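Residue strings, one per chain:
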Amino acid sequence: MLQRKVDYLDAIAPEARKRPALRLANDNDAPTASPALGLQHDIARVFAQESKWSVRRTVAIGIVFHLGVFCALGLAAGGAILPH
């Protein structure tokens with residue numbers, strides 16, 4: 001009877017433990033670009049061209065969002081400290 005889990009797995013599928021050899025990337029290796037990554041970049045470019053989104057607008061929306069969160073937290077804390 002097999003005593004260890006590794007022995008059991010080796011008995012079921014001995015070739016499953018063989019792993020490809022790892023190596024460090026060098027200057028001759030090309031980056032991998034999958035079709036999904038290319039599609040993601042194309043979609044991002046299209047949305048950026050259509051919406052004309054700016055950093056200023058993003059910062060303004062972030063400030064409004066955080067002010068809303070802080071006001072809600074302040075109201076909740078005020079309600080917890082001063083009961084009705």
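Reading the values: rules and limits
- Residues numbered from 1 in each chain as written.
- Predicted model: local features only at pLDDT ≥ 70, side-chain atom pairs only at ≥ 80, totals over all residues.
- Heavy atoms only, no water.
- pLDDT = per-residue confidence, 0-100.
- Helix = DSSP H or I, 4+ residues; strand = E, 2+ residues; numbered from the N terminus.
- Buried < 20%, exposed > 50% of the residue type's maximum accessible area, 1.4 Å probe, protein only.
- Contact = heavy atoms within 4.5 Å.

**Let's talk about the confidence of the model for the protein**
Overall, the predicted model of the protein reaches an average pLDDT of 76, with 68% of residues at or above 70. Mean pLDDT in the protein bottoms out at helix α1 (residues 5-12), which sits at 61, and peaks at helix α3 (residues 55-81), which reaches 88.

**Observations regarding the environment of Asp29**
Along the chain, Asp29 falls in the loop between α1 and α2 (35-51). Since its relative accessible area comes to 31%, Asp29 is described here as partly exposed. When near neighbours in sequence (up to four residues on either side) are disregarded, Asp29 contacts Arg23 and Leu24.

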